[in-house]
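Chains, contacts and geometry: an overview
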Amino acid sequence: MKKLVLFIVAMAVSGLVAGCRVGPNYHRPVVQTPTVFRDLSANAQVQAQTASYADLPWWQVFQDPQLQELIRTALKQNYDLQLATERINAARAEVTITRSNLFPQVQGNGDFSGGQEHNFQTKSNFLTLTADAAFQLDLFGKLRRATEASRAQLLGTEDARQTVILTLVSDVASDYFALLQLDLQLQITRNTVKTQQDSVKLTTFRVQHGVATKLDVLQAQQVLDSANAQIPDLERQIAQEENAISILLGNYPLAVPRGRPLVEQALPPGVPPGLPSLLLERRPDIREAEQTLVAANAEIGVAKAQFFPQISFTGSGGGAFGRSSAFSGLMSSQLGIWSYGTQVSQPIFTGGALRGNLRLAESQHQQALIAYRQTIQRAFGDVSDALIGYQKNHQVRLRQEDTVADLQESVRLSILRYRGGTTTYLEVLDGQRSLFSAELTLAGARGTEYQSLVQLYRALGGGWQQ
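Residues numbered from 1 in each chain as written. Predicted model: local features only at pLDDT ≥ 70, side-chain atom pairs only at ≥ 80, totals over all residues. Heavy atoms only, no water.

Our next topic: the side chain of serine 316. Along the chain, the position of serine 316 falls in strand β3 (residues 310-324). Side chain to side chain, serine 316 and aspartate 132 meet in a polar contact 2.7 Å long. (Helix = DSSP H or I, 4+ residues; strand = E, 2+ residues; numbered from the N terminus. Polar contact = N/O pair within 3.5 Å; in protein donor to acceptor, adjacent residues only side chain to side chain.)

With that settled, consider the environment of arginine 151. Within the secondary structure, arginine 151 is located in helix α6 (residues 142-208). The class of arginine 151 is partly exposed, set by a relative accessible area of 42%. Separated by 140 residues in the primary sequence, arginine 151 and glutamine 291 have C-alpha atoms spaced 8.9 Å apart. (Buried < 20%, exposed > 50% of the residue type's maximum accessible area, 1.4 Å probe, protein only.)

Here the focus is the nonpolar core. Counting residues in hydrophobic clusters, the biggest one holds 71 residues, and the most contacted among them are Phe62, Leu67, Ile71, Leu75, Val172 and Phe177. Element by element, the count of residues in this core is highest for α6, at 15 residues. When residues no more than four places from it in sequence are discounted, the contact partners of isoleucine 71 are Trp58, Phe62, Val169 and Val172. (Core = buried A, V, L, I, M, F, W, Y, C linked by side-chain atoms within 4.5 Å. Contact = heavy atoms within 4.5 Å.)

Next up on the list: the side chain of threonine 375. Relative to the helices and strands, threonine 375 is located in helix α10 (residues 353-419). The contacts of threonine 375, once residues within four sequence positions are left out, are Asp285, Ile286 and Ala289.

Moving on, we get to the pattern of salt bridges. Between side chains of opposite charge, pairing is possible as soon as their charged atoms come close. Taken as a whole and judged by the stated rule, the model has 22 salt bridges. Notably, a salt bridge pairs arginine 28 with glutamate 281, separated by 2.8 Å at the nearest N-O pair. Placement of arginine 28 in the loop between α1 (2-18) and α2 (42-48) and of glutamate 281 in helix α8 (residues 279-282) is noted, with a sequence separation of 253 residues between them. By relative accessible area, which is 41% here, arginine 28 ends up partly exposed. Judged by relative accessible area, which is 41%, glutamate 281 ranks as partly exposed. The partner of glutamate 148 in a salt bridge is arginine 145, and the shortest N-O contact between them spans 3.0 Å. With a gap of three residues between them, glutamate 148 and arginine 145 both fall in helix α6, about one helical turn apart. By relative accessible area, glutamate 148 is classed as buried at 19%. (Salt bridge = Lys/Arg side-chain N within 4 Å of Asp/Glu carboxyl O.)

Attention shifts here to the packing of α6 against helix α7 (residues 214-248). Two elements in contact, α6 and α7, have axes whose closest approach is 8 Å; the angle formed by their N-to-C orientations is 160°. Taken as axis vectors, α6 and α7 run roughly antiparallel relative to one another. Crossing geometry of α6 relative to α7 is assigned as left-handed. Residues that form the contact of α6 with α7 fall into these classes: 21 nonpolar, twelve polar and nine charged. (Axes fitted to C-alpha atoms, helices over the stretch in contact; angles between N-to-C directions. Parallel < 35°, antiparallel > 145°, perpendicular 65-115°, else oblique. Left-handed = near helix turned anticlockwise from the far one by under 90°. Nonpolar A, V, L, I, M, F, W, Y, C, P; charged D, E, K, R; others polar.)

This part takes up the packing of α6 against helix α9 (residues 284-305). Their axes nearest at 8 Å, the elements α6 and α9 cross at an angle of 165°. What the angle tells us is that α6 and α9 run roughly antiparallel. The two elements α6 and α9 meet at a crossing, and its hand is left-handed. Within the contact of α6 with α9, the residues separate by chemical class into twelve nonpolar, six polar and eight charged.

Now for helix α5 (residues 79-100). A rise of 1.5 Å per residue sets the reference length of α5, with its 22 residues, at 32 Å; its end C-alpha atoms lie 32 Å apart and thus fit the reference within 8%. All of the buried residues in α5 are Leu81, Ala84, Ile88, Ala91, Val95 and Thr98. End-on view of α5: buried residues confined to an arc of 95°, all on one side of the axis. Turned more than 90 degrees off the buried face of α5, the exposed positions are Tyr79, Thr96 and Ile97. Residues of α5 that are buried in the fold lie against α4 (65-77) and α6. For α5, the side-chain oxygen to backbone nitrogen distance between the N-cap and aspartate 80 is 3.0 Å, and the N-cap itself is asparagine 78. (Expected span 1.5 Å × (residues − 1). Arc of directions from axis to C-beta.)

Below, the discussion takes up the environment of glutamine 221. By the secondary structure assignment, glutamine 221 is in helix α7. For the pair glutamine 221 and valine 200, spaced 21 residues apart in the sequence, the C-alpha separation amounts to 6.3 Å.

Turning our attention to the confidence of the model for the chain. Within the chain, residue pLDDT values average 86, and 88% of them lie at 70 or more. Scored below 50 in pLDDT, residues 14-18 shows six contacts in the model against residues more than four places distant or in partner chains. (pLDDT = per-residue confidence, 0-100.)

The next point concerns the environment of leucine 413. As for its placement among the helices and strands, leucine 413 is situated in helix α10. On the basis of relative accessible area, leucine 413 is assigned to the partly exposed category, the value being 33%. As for leucine 413 and glycine 431, which are separated by 18 residues in sequence, their C-alpha atoms are 9.9 Å apart.

For α10, with 67 residues, the first-to-last C-alpha span of 94 Å sits near the 99 Å given by 1.5 Å per residue. Positive phi shows up at glycine 421, right after α10, with a value of about 80°.

In structure tokens:
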């Protein structure tokens, strides 16, 4: 029995060491990437060679303590992330299962029997203990290629989890800034309502003293009604945005606490994208696509190994212990049992199944290669779109700030002229309507700028470390 075990172990080691692996070894495909990101200024291109905005961890990008707390809660409780983590556990178990075929499979068996025959008055009791071992010699690398594919799938699952983290954190941040934008618009609207309420009272008082007309009161009331009508819709949008954030956090719909208002949120002085070539390592969806390609490449080796002989070793050993009254004088109470064997199987005719399986593996490899290149292309498209979006939204916000400042000054002057009797109240109302609309637009521009910043950080594969 001891010699049998040593023989099987020796064959296993020799098979693992000396066996070859058919099929191609993986080499990362050469993919031509741009040397610079599109639409960058000369200064930005210089920065791109030295640093990347995506190198910063998210807690340095988003400095609002309340937003940081929301993100941490989402990373702990979000169900999509929990599912992604469990998929990693399942993939790790798959690797263990696949890799186990590289080792001998040993199974123990036990059997006890006994009894008495009435006619012969004989009694017997026997205990049989055996161990069976089987080992498939991996001469052509079928099992090792399968293990290689399984490991690549595990790594791809881990990268998929990183993609979930990237998406989750960016969604929480983007929705939070959208919520702050709605808060700001609601505050502007309520301030406008209060201002117009005072304006209606003042105009009514002036009518009573003969220095204004009822038309002035009517026009002021129209502005007030228009502002009041927007409040319920903004409150509805705020509640829906809070619900969306609550779901991302793994909670039932409830109110979301705020931190700094939108106008106090920090904006970075610059957002250098970094070297384009580093995008391949930073984006988890690109890494996941590459691991899918690695697995597909290994599956070609599995398919090719099916053409070659499959060699297996088997062995069994043990003993029987017991006694029978009928043979007590003829038979020892202990009996050794052992056996061994070798099995070789070689496909001869399969009706084209093996060749079809190989062509299938090669086609799946080509599909994975195309998907890998497509993922890279889309990633650069995401970065280019995000860069353009952030730059344009930043410019829009700056121009809108100038517009609001000009309108505020215009309204202040028109009020002075109206009180001095050199203009009508209609000019004041027109200016206030324009200012109200411009302030709402500015609030939207602020929110859009922050959300485009989040999208740029996400497109660059920013550091979403926990």
